[in-house]
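# Understanding the architecture of this molecule
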Amino acid sequence: MSFCVLPSGAKTLKNVTVPASLIGQTGDLITTDLTIKDGKIKEGEIVKTDAGQPAETTIDIPVIDMQGAMVFPTFVDMHTHLDKGHIWPRASNPDGSFMGALETVRADHANWSAPDVEARMDFALRCAYAHGTKAIRTHIDSLDNLAASSFGVIKKMQEKWAGKIDLQASCLVAIDRIFKDEGDFPAIAKIVAEGGHTLGSVTYPVPDLKERLLDFFHFAMMYDLEVDFHVDETDDPTSDTLRTIAETVLELGFKNRVTVGHCCSISVMPEETADEIIALVAKAGLNVVSLPMCNMYLQDRYKGRTPRWRGVTMAHELHAAGVNVSFASDNTRDPFYAYGDLDMIEVMREATRICHLDHTDVPWVNAFLTNPATACGFDAPTLAAGAPADLVICNARGWTELFARPQSDRVVLRDGDPIDRTLPSYRELDAIVS
Ligand SMILES: Nc1ccnc(=O)[nH]1
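Residues numbered from 1 in each chain as written. Predicted model: local features only at pLDDT ≥ 70, side-chain atom pairs only at ≥ 80, totals over all residues. Heavy atoms only, no water.

Per an unreviewed UniProt entry, the protein goes by the name Cytosine deaminase and belongs to Celeribacter neptunius.

Put into structure tokens, the structure is as follows:
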């Protein structure tokens, strides 16, 4: 049940609480009025005036006192794995470890027919849409001959969800499998380029990392692609592939957007080493995305031992160095993360708690909205006049109320009208994942 019922069509939402940065102001939260007309945000309240005024100002529209309800633009979830989502019932992680995840997923690849991937992906997109997300980047497992089939499903989903969810995809291929002239990667890169997707890889500290990265960037430059890496998702402080990625970007003068995800290991390195790498990341202009829920699940998990580390990257230090830092969902109900529902309010709540995004002057709310949009090239979410009225409205008047409850009773408007927020039932997937 929604906490309030809003009419379709034009309306003025009086007394809403919005993050100042999203209406181009400084500070934390601001109380304002938002008028919605023709599916777009207008400034202030549309006042009924006498005849003789421009037509636009003479309409009479409902005015609703929102009593301080928080309003956000719809969210951007820039790092997900829609092709893996919801396989948990048939492919659970045996011990919650990273290796357990990798091996379980690899064995499950045999089940990833196009209809299987499509059913799970569409389910996940319905969840994301209902929670108030408008743009998503997903990684696509591309080895084991999956690229042609799974990118085919992406194309179908992009068409089906056009206007509702802006969907981007990035191939996911282990760096030690990337060669310029042999193996599967040349064909995968071609599929990525032809579909206008993003070139992606997961880097490990392999002895020939530099050569493999140069082969990767060969394709990124040949096809003029944006790139997205899974980087150092480990508690091994000697895993410093982030440094090599930053150095390679600088050496090549690579100018397209580069995203690096996870980057967990810098936070267990000696401080001076981490600072050096962070400076390089800033110089290379890399966009960092942290995946706190998945990191907390997989990192520092040793049987019979209580975790002592939260698993996340150095978000505050990266931000202070001028790096564009974002947060995203990562996996949902698969061996890499047993939970999750592509709910960016959950991601914002958990990231705030895990990474201590509270008690700072930094407008961290941007890390779930404008920062990921910048990293991926999605339309910038904003509450400024003229923006589409794609809004998430919560029955909370400030951060403590917002993060204390899951906001399951939130209202989502798309083009100014409330959407049906009913979540799909897991039972729907029983036939394929049980
Ligand atoms: N965290 C993750 C690493 C690699 N693959 C995934 O699906 N998730």
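Next, the rest of the story.
## Some points on the sheet that holds strand β9 (residues 199-203)
Strand order in the open sheet formed by five strands is β9-β10-β11-β12-β13, with parallel pairing between adjacent strands. Edge positions in the sheet fall to β9 and β13 (324-327), since each of these pairs with one other strand and no more. Each strand axis lies, on average, 20° off the axis of its neighbour in the sheet, ignoring direction. Across the sheet, helix α5 (residues 209-222) is in contact with β9 and β10 (227-231); its angle to β9 comes to roughly 170°. (Pairing = 2+ DSSP bridges. Helix = DSSP H or I, 4+ residues; strand = E, 2+ residues; numbered from the N terminus. Axes fitted to C-alpha atoms, helices over the stretch in contact; angles between N-to-C directions. Contact = heavy atoms within 4.5 Å.)

## Thoughts on the domain arrangement of the protein
Here the protein is partitioned into domain 1 (11-73 + 383-418) and domain 2 (75-376). Here the C-alpha centroids of domain 1 and domain 2 sit 33 Å apart. Contacts between the two partners involve 18 residues from domain 1 and, on the opposite side, 20 residues from domain 2. Between domain 1 and domain 2, a total of about 1,400 Å² is buried, with carbon and sulfur atoms accounting for 62% of that surface. The largest per-residue losses of area from domain 1 upon contact with domain 2 belong to Phe-403, Arg-410 and Arg-414, which jointly make up 44% of the total buried on that side. For the pair domain 1 and domain 2, the number of links is two salt bridges. Connecting domain 1 to domain 2 are six residue pairs in polar contact (both at pLDDT 80 or more). Taken together, the elements giving at least two residues each to the side of domain 1 that touches domain 2 come down to β5 (70-73), β14 (391-394), α12 (399-404) and β15 (411-414). (Domains from an automatic or database assignment. Buried area = accessible area lost by both parts, 1.4 Å probe. Salt bridge = Lys/Arg side-chain N within 4 Å of Asp/Glu carboxyl O. Polar contact = N/O pair within 3.5 Å; in protein donor to acceptor, adjacent residues only side chain to side chain.)

## Here we look at the UniProt feature "domain: Amidohydrolase" (unreviewed entry) in the protein
Per the UniProt annotation, the sites labelled "domain: Amidohydrolase" (unreviewed entry) are residues 63-112 and 213-411. In this annotation, residues 63-112 is assigned 22% helix and 26% strand; the end-to-end C-alpha distance for the span is 50 Å. A helix fraction of 37% and a strand fraction of 12% characterise residues 213-411, whose end C-alpha atoms lie 45 Å from each other. (UniProt positions renumbered as here; feature names shortened; annotations may be inferred.)

## Here we look at the side chain of Thr-17
Residue placement: Thr-17 occurs in strand β1 (residues 11-19). A distance of 2.6 Å separates the side chain of Thr-17 from the backbone oxygen of Gly-68, its partner in a polar contact.

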